[in-house]
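A look at the structure
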Amino acid sequence: MKIEIRTARHSDLEWYKLLHSDEAFNRWIARRINDPQSMEDEFLFKLEAQCTRRGVFAVVDVDGTSQGYGVLLFSVTGDSAHVEFGVDPRYQRKGIGSLLLEEALRAGNRIGPGLRIIKAVCHRDNEGCIRLLRAQGFTMSTVAGLVKPPLYVGWQLRVGAQERVS
Ligand SMILES: CC(C)(COP(=O)(O)OP(=O)(O)OC[C@H]1O[C@@H](n2cnc3c(N)ncnc32)[C@H](O)[C@@H]1OP(=O)(O)O)[C@@H](O)C(=O)NCCC(=O)NCCS
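The following paragraphs examine the structure supplied in this document. Starting from 1, residues in each chain are numbered consecutively following that chain's sequence as written. In keeping with the predicted nature of the model, local features appear solely for residues at pLDDT of at least 70, side-chain atom pairs appear and are counted solely at 80 or more, and the whole-chain, interface and lining totals rest on all residues. Working from all heavy atoms in the structure, the side-chain values ignore hydrogens and water.

Regarding the pairing of strand E5 (residues 117–123)
Test applied: Working definition: with a 1.4 Å probe on protein chains only, accessible area under 20% of the residue-type maximum means buried, over 50% means exposed, and in between means partly exposed. Under the DSSP-based scheme used, a helix requires at least four consecutive residues in state H or I and a strand at least two consecutive residues in state E, with every element numbered from the N terminus. DSSP-based pairing: two strands are paired if at least 2 bridges between them are found. Clockwise travel from the first strand over the helix to the second, with the strands pointing away from the viewer, marks a crossover as right-handed.
Where burial is concerned, most of E5 is hidden: five out of the seven residues are buried. Here strand E4 (residues 80–87) pairs with E5 via three bridges, running parallel. Considered in E5, the bridge of Ala 81 is made with Ile 118. Note on the crossover from E4 through helix H4 (residues 96–111) to E5: the handedness is right-handed. Pairing geometry for E5 and strand E7 (residues 152–158), over seven bridges, is antiparallel.

Encoded structure:
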């Protein structure tokens, strides 16, 4: 299995829409997008963020075919960001999600020197996502109103200057 990670491009739109139409994939997703136009709008928003360095939009190709993505979007001030990631259900549990999260964090820290906190939202029973976030050092967030409690839990990772000093 040849795994390659790269930045997203416009031609990824069709598989991105297919992935987000897959019931198995959507099982744990808090904010489901059901119609093709909204999927396209969201895809273009992420692509634009990648192009203008207001975010990261990474894609994994397995044997030349796209099978997963990782996104990091900066807040307006640039001191915080939100990450999300997804892998085609047929390719899950092969380490691809971990690769994508690592890449989103690495690239996010590189293009956003002011970044201090990275946030994620995850269903409380989404074991794969929880293991992945914990492995990267994320901890559960207690910030009220961040997500839809009690099913969806906020996670956060502190990065940047404070971490380097200690
Ligand atoms: C969450 C998700 C991205 C994980 O991707 P993945 O490619 O399967 O992740 P990995 O193979 O890198 O596995 C990461 C860890 O989680 C574990 N894991 C993955 N899926 C699991 C599952 N369903 N149940 C239990 N553990 C699981 C792996 O064993 C691995 O643990 P380890 O590092 O201790 O061995 C994938 O399940 C997915 O796309 N889900 C749907 C979308 C989603 O929920 N996104 C997250 C919200 S933003």
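From this point, the discussion proceeds with the structure in view.
Things to note about the side chain of Arg 6
Here is the rule we go by: Here a polar contact is recorded for every N or O atom pair within 3.5 Å, except that within protein the pair must consist of a potential hydrogen donor and a potential acceptor, and residues adjacent in sequence are included only if both atoms are side-chain atoms.
On the secondary structure map, Arg 6 appears in strand E1 (residues 3–7). The exposure class of Arg 6 is buried, given its relative accessible area of 16%. Among the polar contacts listed, one links the side chain of Arg 6 to the side chain of Asp 61, at a separation of 2.8 Å. There is a polar contact of 3.2 Å between the side chain of Arg 6 and the side chain of Ser 66.

Overview of helix H5 (residues 127–135)
Just so we agree on the cut-off: By definition, the arc is the one covered by directions from the helix axis to the C-beta atoms. In this analysis, two residues are considered to be in contact whenever any of their non-hydrogen atoms come within 4.5 Å of each other.
Among the residues of H5, those classed as buried are Cys 129, Ile 130, Leu 132 and Leu 133. On an axial view of H5, the arc spanned by its buried residues comes to 165 degrees, and they lie on one face. Residues Glu 127, Arg 131, Arg 134 and Ala 135 are exposed on H5 and point more than 90 degrees away from its buried face. On its buried face, H5 is in contact with E4, H4, E5 and E7. Gly 137 sits one or two positions beyond H5 and adopts a positive phi of about 95 degrees.

Overview of the site of the ligand
The criterion, for reference: By convention in this text, a residue qualifies as near a molecule or strand provided that one of its non-hydrogen atoms is within 4 Å of it. The protein chains shown are the only cover counted for residues, whose accessible areas, like all others here, come from Shrake-Rupley with a 1.4 Å probe.
Val 87, Arg 93, Gly 95, Gly 97 and Ser 98 are the nearest of the 20 residues found near the ligand. Take Gln 92: an N or O atom from its side chain is 3.3 Å from an oxygen atom of the ligand. The separation between an oxygen atom of the ligand and a polar main-chain atom of Gly 97 is 2.8 Å. Protein contacts shield 77% of the accessible area of the ligand, which totals 920 Å² for the unbound molecule. Among the secondary structure elements, those contributing two or more residues to the shell around the ligand are E4, H4 and H5. Among the elements that line the shell around the ligand, the one with the most residues is H5, at five residues.

Re the environment of Pro 150
With respect to the helices, strands and loops of the structure, Pro 150 is situated in the loop between strand E6 (139–140) and E7. Its relative accessible area of 58% is what places Pro 150 among the exposed residues. Sequence separation between Pro 150 and Arg 124 is 26 residues; the distance between their C-alpha atoms is 7.9 Å.

Quick look at the pattern of salt bridges
The condition is simple: Note on definitions: salt bridges are taken to be side-chain nitrogens of Lys or Arg within 4 Å of carboxyl oxygens of Asp or Glu.
Summed over all chains, the structure comprises ten salt bridges. Salt-bridge contacts for Glu 84 lead to Lys 46; the nearest nitrogen and oxygen are separated by 3.1 Å. Of this pair, Glu 84 sits in strand E4 while Lys 46 sits in helix H3 (residues 36–51); the two residues are 38 residues apart in sequence, bridging distant segments of the chain. For Lys 46, a relative accessible area of 2% puts it in the buried group. A salt bridge links Arg 90 to Asp 88, with the shortest nitrogen-to-oxygen separation between them at 2.9 Å. Judged by its relative accessible area of 63%, Arg 90 falls in the exposed class. Residues joined in a network through salt bridges with shared partners are Arg 6, Asp 12 and Asp 61.

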